[in-house]
Amino acid sequence: MILGNHAHGVTVLGAMTAAPTMRDLEPYLLTALPPDREGMAQLYQAYLRALDGLIAVHGVVDLASGHAGFALDLALRLGAREGRCRVVATDLRSEYLDIGREHARKSGLRDEHLSFVVQDALDLRDLPAKVGAPVDVVCCTQTVHHFPPGFVARMLHEAGTTARHGAVLVDAERDPF
């Protein structure tokens with residue numbers, strides 16, 4: 001299902017067992033994308049507020065995480081340092097994950113709080129084995145726009161099949177300029 005409104009700049013794709021309605025997410029949607037790093041941090045915070053209550057579980061995987069900015073914010077918000085959850089950032093590019101690992105280290109997160117796994121977002125069959133634990137929720141932010149529609153459908157299917165509780169894919173509309 002697709003939850004979101006392009007007029008507000010954010011699209012949320014979800015395969016949650018208790019998916020929110022558009023009305024539930026409306027207060028969290030942004031009207032414009034901020035272009036700088038501070039703006040991206042604000043966007044991540046809006047995503048996290050929208051996901052509060054949906055991701056109240058132990059094992060969360062962030063697909064196509066890149067430098068793991070969202071995974072890091074998610075780990076801090078969900079209490080990974082305190083042992084309340086474990087977040088795994090995945091990407092095809094190990095060099096991106098290395099950057100994320102360094103950010104996590106500087107934030108005081110150890111590998112048991114936020115770990116990094118090279119993983120193809122379109123084939124998650126081996127993900128629980130790589131993670132070494134069941135996957136409760138799979139999320140993906142700021143990446144869906146890189147995939148053609150058929151790949152997005154496949155990623156959502158893989159994520160929904162792999163996660164015990166569901167999957168949330170969030171992306172923002174891009175300004176063509």
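Bear in mind the structure is a predicted one, so any value in this text is a computation, not a measurement.

Undergrad: Can you help me understand the overall build of the protein chain in this one?
TA: Scanning the protein chain from terminus to terminus reveals six helices and seven strands. Buried residues in the protein chain amount to 49% of all 177 residues.

Undergrad: Explain the pairing of strand β6 (residues 137–141) to me, please; I cannot follow it from the model alone.
TA: Regular strands place side chains that alternate from one sheet face to the opposite one. For β6, the buried fraction is high: five of the five residues fall into the buried class. Pairing of strand β3 (residues 59–62) with β6, which is carried by three bridges, proceeds in the parallel orientation. Within the sheet, the bridge partner assigned to Val 61 lies in β6 and is Val 138.

Undergrad: Hey, could you run me through the side chain of Asp 62 in this one?
TA: With respect to the element layout, Asp 62 can be found in strand β3. Of note is the side chain of Asp 62, whose polar atom sits 2.9 Å from the side chain of Ser 65. Apart from the residues lying within four places of it in its own chain, the contact partners of Asp 62 are Phe 70, Ala 71, Val 88, Ala 89, Thr 90, Cys 139, Cys 140 and Thr 141.

Undergrad: So what exactly am I meant to see when it comes to the packing of aromatic side chains here?
TA: Any aromatic ring pair is given by two values, namely how distant the centres are and how the planes are angled relative to each other. Scanning the entire structure with this criterion turns up zero aromatic pairs. The ring of Tyr 96 is capped by Arg 93, whose NZ or CZ atom sits 4.8 Å from the centre of that ring.

Undergrad: Looking at this structure, I do not really get helix α6 (residues 149–162). What am I missing?
TA: Structurally, the α-helix is built with 3.6 residues per turn, so residues lying three or four positions apart point the same way. Spanning 14 residues, α6 covers 20 Å between terminal C-alpha atoms, matching the ideal 20 Å at 1.5 Å per step. Of all the positions in α6, only Val 152, Met 155, Leu 156, Glu 158, Ala 159 and Thr 162 are classed as buried. One face of α6 carries all of its buried residues, which in axial projection span an arc of 165°. Those residues of α6 that are exposed and aimed more than 90 degrees away from the buried face are Pro 149, Gly 150, His 157 and Thr 161.

Undergrad: Sorry if this is basic, but what is going on with the environment of Asp 171 here?
TA: Summarising the element assignment, Asp 171 is placed in strand β7 (residues 166–172). Along the sequence, Asp 171 and Val 144 sit 27 residues apart, while their C-alpha atoms lie 5.9 Å from each other.

Undergrad: Got a minute to help me understand the confidence of the model for the protein chain in this structure?
TA: If pLDDT is low for a region, its predicted coordinates should not be looked at in detail. Mean pLDDT over the protein chain stands at 74; residues scoring 70 or higher make up 65%. Every residue in residues 1–35 is under pLDDT 50, and counting partners more than four places away or in other chains gives 77 contacts.

Undergrad: Which parts of the structure should I look at to understand the nonpolar core?
TA: Nonpolar side chains in soluble globular proteins tend to be buried together. Judged by nonpolar contacts, the single largest core of 21 residues is most densely connected at Val 61, Leu 63, Val 138 and Met 155. Looking at this core element by element, the count peaks at four residues for α6. Setting aside residues up to four positions removed in sequence, Met 155 forms contacts with Leu 63, Ala 121, Leu 122, Cys 140, Phe 147 and Leu 169. Within the second largest apolar cluster, 18 residues are counted, among which are Leu 78, Cys 85, Leu 114 and Phe 116.

Undergrad: Looking at this structure, I do not really get helix α3 (residues 69–78). What am I missing?
TA: Burial analysis of α3 places seven of its 10 residues in the buried class, which makes it a mostly covered element. Listed in full, the buried residues belonging to α3 are Phe 70, Ala 71, Leu 72, Asp 73, Leu 74, Ala 75 and Leu 78. A positive phi of about 85° marks Gly 79, the residue just after α3.

Undergrad: Looking at this model, I keep getting lost on the state of the cysteines. Mind explaining?
TA: Working definition of a disulfide: a covalent bond connecting the sulfur atoms of two cysteines. Counted by the stated rule, this structure contains zero disulfides. With no disulfide of its own, Cys 140 lies closest to Cys 139 among cysteine sulfurs, the gap being 7.6 Å. Since its relative accessible area comes to 0%, Cys 140 is described here as buried.

Undergrad: Would you mind showing me how to read unusual backbone geometry here?
TA: Excluding glycine, residues mostly have negative phi values, and the peptide bonds linking residues are mostly trans. Notably, Ala 64 is not glycine yet its phi reads approximately 50°, a positive angle. Structurally, Ala 64 can be placed in the loop between β3 and α3. Taking relative accessible area as the criterion, Ala 64 reaches 17% and is therefore assigned buried. Unlike most non-glycine residues, Ala 68 shows phi in positive territory, near 70°. Tracing the chain through its elements places Ala 68 in the loop between β3 and α3.

Quick notes on the rules
- Residues numbered from 1 in each chain as written.
- Predicted model: local features only at pLDDT ≥ 70, side-chain atom pairs only at ≥ 80, totals over all residues.
- Heavy atoms only, no water.
- Helix = DSSP H or I, 4+ residues; strand = E, 2+ residues; numbered from the N terminus.
- Buried < 20%, exposed > 50% of the residue type's maximum accessible area, 1.4 Å probe, protein only.
- Pairing = 2+ DSSP bridges.
- Polar contact = N/O pair within 3.5 Å; in protein donor to acceptor, adjacent residues only side chain to side chain.
- Contact = heavy atoms within 4.5 Å.
- Phe/Tyr/Trp six-rings, centres within 6.5 Å; stacked < 30°, edge-to-face > 60°.
- Lys NZ or Arg CZ within 6 Å of the ring centre and 35° of its normal.
- Expected span 1.5 Å × (residues − 1).
- Arc of directions from axis to C-beta.
- pLDDT = per-residue confidence, 0-100.
- Core = buried A, V, L, I, M, F, W, Y, C linked by side-chain atoms within 4.5 Å.
- Disulfide = S-S within 2.5 Å.

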